[in-house]
Amino acid sequence: MSCILARCLLDRSVTLPVARFGNTTIPEAAPLRSLRDVLRSATSEPHERLHQHEGLAAVAAGTIGRPAYTALLRRLYGFHHSFELAARTIPERTRWLETDLATLGVDAAMLAGLPRCTVFPAIASPDYLLGASYVVEGSALGGRGLSRQLDGLLGTGIIAGRRFFSGHGMETGEVWRAYLARLSAASTAASTRAAIVAGAVETFTIFEQWLEGWNKQHE
């Protein structure tokens, strides 16, 4: 992970101070680079790989079938349920996924038995969680596009079954801008920025690894 950060954050035209987060040494961004730009660079590789994820790509192409779609939502539920608990935030994505899974025939007993992602830090700083939220909030922007590609599976105009990908609907942009405002208001201290970047990079890594087993439940 430190190699990814060093490659993405290092600006060769300047000498950068470094910060430490846990046991990881993280180069600080150049003064003129916004934190949003730093996060975009630091997470570009896993972000691009997720575009190629078999399940998400099938949703984007409008070719995913009901069993695979159900398995994908089950896997997403295991991530977001655990993330929202760890982040101590309103479990809105957990609830959206519960609604979708119920539509797809996953009852309460089956839901309770779904595997959960258990590798989130038990105790994380607000700065770390702010960075982690970059992954979750940013994914909602692409979610609306994916939602529209589910017409063939769920029916045109039918929201049931796609509540998670629909997210905040027309308010998605507003929610994202509110997040960016929080990011812009963060301290420019090296330690703060290091924690925010670590939260984003590590959460992307956790998410990517968790989705690797998405289709085992319906094979």
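Throughout this document, residue positions are counted from 1 along each chain, in the order its sequence is written. Restriction of local features to residues with pLDDT of at least 70 applies here, the model being predicted, together with a cutoff of 80 or more for giving and counting side-chain atom pairs; totals for whole chains, interfaces and linings are based on all residues. Hydrogens and waters are ignored; side-chain quantities use all the structure's heavy atoms.

S.K.: Go over empty space enclosed by the protein with me, naming the residues and quoting the values.
M.R.: Only protein atoms enter the 1 Å grid used here, on which a cavity is any set of points holding a 1.4 Å probe that cannot leave and a pocket is any open set flanked by protein within 12 Å on both sides along at least five of seven lines; residues with an atom within 4 Å of a point are listed as lining. Grid points are joined across faces, edges and corners, and a volume is the space filled by probe spheres set on the points. In this structure the tally under the stated criterion is two cavities of 30 Å³ or more. The space that makes up the largest cavity amounts to roughly 50 Å³. In terms of lining residues, the largest cavity is bounded by F83, A86, F120, P121, A124, Y128, L129, A132 and T203. Elements with a contribution of two residues or more to the lining of the largest cavity: α5 (66-87) and α8 (126-148). Only runs of H or I of at least four residues qualify as helices and only runs of E of at least two qualify as strands under DSSP, and these elements are numbered from the N terminus. Looking at the lining of the largest cavity element by element, the count peaks at three residues for α8.

S.K.: Describe the packing of aromatic side chains, and please don't skip the residues or the numbers.
M.R.: Any two rings among Phe, Tyr and Trp, with Trp reduced to its six-membered ring, count as a pair given centres within 6.5 Å; such a pair is stacked if its planes are under 30 degrees apart, edge-to-face if over 60, and tilted if neither. Across all of its chains, the model carries eight aromatic pairs by this definition. Relative to F120, the ring of F79 lies with its centre 5.2 Å away and its plane at 65 degrees, an arrangement referred to as edge-to-face. Placement of the pair is F79 in helix α5 and F120 in the loop between α7 (108-112) and α8, with a sequence separation of 41 residues. Like F79, the residue F120 is buried in the burial classification. By way of ring pairs, the aromatic residues F79, F83, F120 and F207 are connected into one cluster. Here the guanidinium or amino end of R75 rests over the ring plane of W210, the centre of that ring lying 3.5 Å away. The rule is simple: take the accessible area with a 1.4 Å probe, protein chains only, and divide by the maximum for that residue type; under 20% is buried, over 50% is exposed, in between is partly exposed. We count a charge as sitting over a ring when the NZ of a lysine or the CZ of an arginine lies within 6 Å of the ring centre and within 35 degrees of the ring normal.

S.K.: Please provide a residue-by-residue account of the pattern of salt bridges, values included.
M.R.: We define a salt bridge as a side-chain nitrogen of Lys or Arg found within 4 Å of a carboxyl oxygen belonging to Asp or Glu. Inspection of every chain in the model, using the stated rule, returns five salt bridges. Across the salt bridge formed by R40 and D37, the nearest N and O atoms sit 2.7 Å from each other. Here R40 and its partner D37 are both found in helix α2 (residues 35-42), three residues apart, which amounts to about one turn of the helix. A relative accessible area of 40% means that R40 is categorised as partly exposed. Residue D37 is classed as partly exposed on the basis of its relative accessible area of 31%. When salt bridges that share partners are traced, they join E92, R93 and E137 into one network.

S.K.: Could you give an account of the environment of A195, with specific residues and numbers?
M.R.: Residue position: A195 is located in helix α12 (residues 190-211). A195 sits 63 residues away from A132 along the chain, and the two C-alpha atoms are 9.7 Å apart.

S.K.: How would you summarise the nonpolar core if you had to cite specific residues and measurements?
M.R.: Remark: nonpolar core denotes a set of buried residues (Ala, Val, Leu, Ile, Met, Phe, Trp, Tyr, Cys) joined through side-chain atoms within 4.5 Å. Within the largest apolar cluster, 42 residues are counted, with the highest numbers of intra-cluster contacts made by I64, Y69, L73, L76, F79 and F165. Among the elements of the structure, α4 (54-61), α5, α6 (92-103), α8, α10 (163-166) and α12 are those that each provide at least two residues to this core. Top element by residues in this core is α5. It accounts for 11 residues. By definition, residues are in contact when any of their heavy atoms lie within 4.5 Å. The contacts of I64, once residues within four sequence positions are left out, are G55, A58, V59, Y69, L72, L150 and L153. If you look at the next biggest cluster of nonpolar residues, it comprises 15 residues, including Y179, A186, I196 and A200.

S.K.: Break down the side chain of E137 for me, citing the residues and quoting the values.
M.R.: Along the chain, E137 turns up in helix α8. N or O atoms within 3.5 Å of each other form a polar contact, as long as, within protein, one can give a hydrogen and the other can take it, and as long as residues adjacent in sequence are counted only when both atoms are side-chain atoms. A polar side-chain atom of E137 sits 3.4 Å from a polar atom in the side chain of R93. Contact partners of E137, with chain neighbours within four places excluded, come to R93, V175, W176 and Y179.

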